[in-house]
Structures are given as C-alpha cells and as structure tokens.
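Coordinates in review
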Amino acid sequence: MHSNRRKFLQSATMASVALAFDPFCVSATTKETVGIVRKPVVISTWSFGIQANDAAWAILSKDGRALDAVEAGVRVPEADPNERSVGYGGRPDRDGRVTLDACIMDEWSNIGSVACLEYIKHPISVARAVMEKTPHVMLVGDGALQFALSQGFPKENLLVEASEKEWKEWLKTSKYEPVVNIENHDTIGMIALDNQGNLSGACTTSGMAFKMHGRVGDSPIIGAGLYVDNEIGAATATGHGEEVIRIAGCHLVVELMRQGKTPQQACEEAVSRIVKLTKIRGKNLKDIQVGFIALNKQGEHGAYCIQGGFNYALNDATGNKLIDADYFLK
Ligand code: GLY
C-alpha cells in the first residue's frame, strides 16, 4: 500500500472513535472500493437546517433511506409559518400570491419537481409524488396544483398575516431590490448520505420575495438548485436563483468533484464562475449572494458563498451544528 495512503487510513481510523466509519465501503452502484466513508451525514442550508437536520437524522440514524430523510427534513421549515422564505408563511410574489418551487433527487437519479405551485404547504412531497407517480419529472403552476389535489394534498391559504403585511408595505414602492441574506435567506437545500452509502437531496423555497408572478428560480431545477450523482456526490444551492441557473450550479459542483476536487474546492470553483460572469456582464457582485453546499460519496462536505452571512447545518455522528460558510467577498 502506498505509504501516504496508509498514513491517511491510519489517522482516519484513529479519529474514528466517535464516528461511524465504514472502511473500504463498497459502493451500491459501482461495486468499487471507495475508501473510508463517514456516514450517515446530512447537511442543509441556513439556520433552519438545524431543526430540519433533526428530522432527517431521526431517519438516518435508524438506517433509513436518504431520500426519506431529506423529504422529512425540509418539510420542517415548509410547515413553519414563521419562516418567510419556504412553504407556509413564505413571502408572496408582487401580486400577493405565494408560489412555491421544489425538487427532489434520489440515488437512482430519479427526479421530481414542481414550480410556481400555489396553495400546497409541502411542495417537496408533491415533487416526490411527481417523481414516483407520473411519467414526467416536472409539473408547474395550475397543472402542478391539479396533480397535488388529485393526490390528496389539502388546498390551504399559505399567505400568513406577517407576509401579507410585508407585501402591502412593499407595494408602496414596488421596487424589486432583493436584500442579500435577508430576502435571500431563502431556500432550504438538504443533501444526505445514508448508512447504505446512498445519496439523495431535496430543495424547496417560496423563491425571491415580490418576484414577478410566474418567476421560477433555481430551486426546482435539477442541475441548478440540486444535483445528486450516487457515484460521486451531491450539491444544493441557495441565493439568487438566476445566477445559479446561469452556470447550472449544482451539476457543475458535482462534475468538479468527479474531476477530483474536494467538495470545498468544487463549491469555491462554482462561486468563482459566478464571480467571473458577474464581472463580464458588468453587474455588481455586492448585489448578489449565492451559496453552495456539497457532500461527496465519502461523507466529506464543503460550502462556499459569495458574501458573508451564509451558514449551514451539519449533522453527523458527532452531533448537529451550525457552521458559517467561508466566502469570496472579504
Ligand atoms: N434560490 C431560490 C430562488 O432564487 O428562488
């Protein structure tokens, strides 16, 4: 055995006392030896990721499937009327309508997505139903609502008093100027590696506050707001969806990991593409926030964003903690 590799394996083994390592784990899909794996692990965007991770961990820690964990996890902020950027309680568009975007992806590259969905508190579960019960991968607007109702999801008013008040205040100027890290404290994206060594991810949001009616961000777009490749890793994004879509952000992060980059390096490279394009396009980087989080098949994670203020929640065998992401604009 190469001595550096032996040293790495020895030190990793020594550090494994409190961690669920799986030496020489065999990948479910590739049947290749992939080295030491830290699992299960779940990572999600922003501080509401802590509660979301708790729900995901309840499943992962009992040998549950990553797909079930990420769905259960992101349903927590979706159901919280005090969260102004996801699901029930989300800020409306400029017409006062709460329109939700979500997508989900499993270890077999099954995908499901909904965009501009109204009246349904849990778009992530509708996205999963699209994935599992239709021949399609994405439903939008009235069609998504029609499908959700046909599946028994209840129709509910999602515009809570506080969000309606903010919208009425906004109408006085009607200026679309998203504030970085406030109106952009948006999406919950969650990615997880389960005890079977399989990856899944989920992403859900009410989108940018006071957006044009019909606007769709990155969060329901597979490859932009979320991507999972069970041989390599997974990534999810938060922030200005237009910028994430421009670089097919999460697919890029996963492809960079495929090329050998660590999750941290991959997130940094994706952010640097946005930085470069922003300059080329003559836009002001200070007006933009995008953050990526990534997890590889070995359970290593990374995160990076354009400007300070983005944090993420990491839950592994050592516990559930909030971490400030490193950032570009210092
Ligand atoms: N990242 C969420 C959105 O742009 O809608």
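Residues numbered from 1 in each chain as written. Predicted model: local features only at pLDDT ≥ 70, side-chain atom pairs only at ≥ 80, totals over all residues. Heavy atoms only, no water.

Concerning the site of the ligand
- As a matter of local geometry, the ligand sits amid Asp186, Thr187, Gly207, Met208, Arg215, Gly217, Asp218, Ser219, Gly239 and Gly241.
- Aspartate 218 has a polar side-chain atom sitting 2.7 Å from a nitrogen atom of the ligand.
- Contact with the protein chains covers 100% of the free accessible surface of the ligand, which is 190 Å².
- If you map the ligand onto the pockets, it falls in the largest cavity.
- Looking at the shell around the ligand, its residues break down into 1 nonpolar, 6 polar and 3 charged. (Near = heavy atom within 4 Å. Polar contact = N/O pair within 3.5 Å; in protein donor to acceptor, adjacent residues only side chain to side chain. Areas by Shrake-Rupley, 256 points an atom, 1.4 Å probe, with all protein chains shown as cover. 1 Å grid on protein atoms, 1.4 Å probe; cavity = no way out; pocket = protein on both sides within 12 Å on 5 of 7 lines; lining within 4 Å. Sits in = over half its atoms within 2 Å of the grid points. Nonpolar A, V, L, I, M, F, W, Y, C, P; charged D, E, K, R; others polar.)

So, unusual backbone geometry
- In the segment running from lysine 39 into proline 40, the intervening peptide bond is cis, with an omega of 0 degrees.
- Counting through the fold element by element, proline 40 comes out in the loop between helix H1 (3-14) and strand E1 (41-45).
- At tryptophan 46, a residue that is not glycine, the phi angle is positive and equals roughly 65 degrees.
- Its location among the elements puts tryptophan 46 in the loop between E1 and helix H2 (49-60). (Helix = DSSP H or I, 4+ residues; strand = E, 2+ residues; numbered from the N terminus.)

Some remarks on the packing of aromatic side chains
- Counted under the stated rule, the structure contains 2 aromatic pairs.
- Ring geometry for tryptophan 170 versus phenylalanine 210: centroids 5.0 Å apart, planes at 15 degrees, classification stacked. Of the two residues, tryptophan 170 sits in helix H6 (residues 161-171) while phenylalanine 210 sits in the loop between strand E6 (199-205) and strand E7 (226-229), which places them 40 residues apart along the sequence.
- For phenylalanine 210, a relative accessible area of 4% corresponds to the buried category.
- Positioned over the ring face of tyrosine 119 is lysine 155, at 4.7 Å from the centre of the ring.
- Across from the ring centre of tyrosine 327, 5.4 Å away, lies the NZ or CZ of lysine 330, which sits over that ring. (Phe/Tyr/Trp six-rings, centres within 6.5 Å; stacked < 30°, edge-to-face > 60°. Buried < 20%, exposed > 50% of the residue type's maximum accessible area, 1.4 Å probe, protein only. Lys NZ or Arg CZ within 6 Å of the ring centre and 35° of its normal.)

As for helix H4 (residues 123-133)
- Counting buried positions along H4 yields 9 of 11 residues, so the element is predominantly enclosed.
- Residues of H4 that are buried: Pro123, Ile124, Ser125, Val126, Ala127, Arg128, Ala129, Val130 and Met131.
- Buried residues in H4 make contact with helix H3 (66-79), strand E2 (100-105), strand E3 (111-117), strand E4 (138-140), helix H5 (141-150) and E6. (Contact = heavy atoms within 4.5 Å.)

Let's talk about the sheet that holds E4
- Within the open sheet, the 8 strands sit side by side as E4-E3-E2-E6-E5-E1-E11-E12. Their pairing is mixed. The open sheet is flanked by E4 and strand E12 (319-324), the only strands paired with a single partner. The average angle at which neighbouring strand axes cross in this sheet is 10 degrees, direction not considered.
- Each of E1, strand E5 (188-193), strand E11 (311-316) and E12 touches H2; the most contacted strand, E1, lies at about 155 degrees to it. (Pairing = 2+ DSSP bridges. Axes fitted to C-alpha atoms, helices over the stretch in contact; angles between N-to-C directions.)

Quick notes on the layout of surface pockets
- In this structure, the second largest pocket spans a volume of roughly 300 Å³.
- What lines the second largest pocket is a set of 13 residues, among which His240, Glu243, Lys283, Asp287 and Ile288 lie closest to the centre. (Points joined across faces, edges and corners; volume = space filled by probe spheres on them.)

What about the side chain of asparagine 311?
- Mapped onto the elements of the fold, asparagine 311 is located in strand E11.
- Separated by 3.4 Å, the side chain of asparagine 311 and the backbone nitrogen of serine 47 make a polar contact.
- Beyond its immediate sequence surroundings of up to four residues, asparagine 311 is in contact with Thr45, Trp46, Ser47, Leu322, Ile323, Asp324 and Ala325.

Section: the sheet that holds strand E8 (residues 233-239)
- Within the open sheet, the 5 strands sit side by side as E7-E8-E9-E10-E13. Their pairing is mixed. Across the chains shown, the open sheet's two edge strands, defined by having one partner strand only, are E7 and strand E13 (326-329). Direction aside, neighbouring strands of the sheet carry axes that sit 15 degrees apart on average.
- Bridge count between E8 and strand E9 (residues 290-296): 7 bridges; the pairing is antiparallel. Bridge pairing in E9 places alanine 235 opposite alanine 294.
- Most of the contacts of helix H8 (residues 249-258) go to E8, to which it runs at about 145 degrees, and overall it touches E7, E8 and E9.
- Those strands touched by helix H9 (residues 263-280) are E9, strand E10 (301-307) and E13, and its axis lies near 20 degrees from that of E10.

Regarding the packing of H8 against H9
- The N-to-C vectors of H8 and H9 enclose an angle of 135 degrees; their axes lie 8 Å apart at closest approach. With respect to each other, H8 and H9 are oriented oblique. Of the two elements, H8 crosses H9, and the hand of that crossing is right-handed. Mapping the contact onto sequence places Leu252, Val253, Leu256 and Met257 in H8 and Pro263, Ala266, Cys267, Glu269, Ala270 and Arg273 in H9.
- In terms of residue class, the contact of H8 with H9 is built from 8 nonpolar, no polar and 2 charged. (Parallel < 35°, antiparallel > 145°, perpendicular 65-115°, else oblique. Left-handed = near helix turned anticlockwise from the far one by under 90°.)

Spatial relationships are all this shows, so hold off on functional conclusions.
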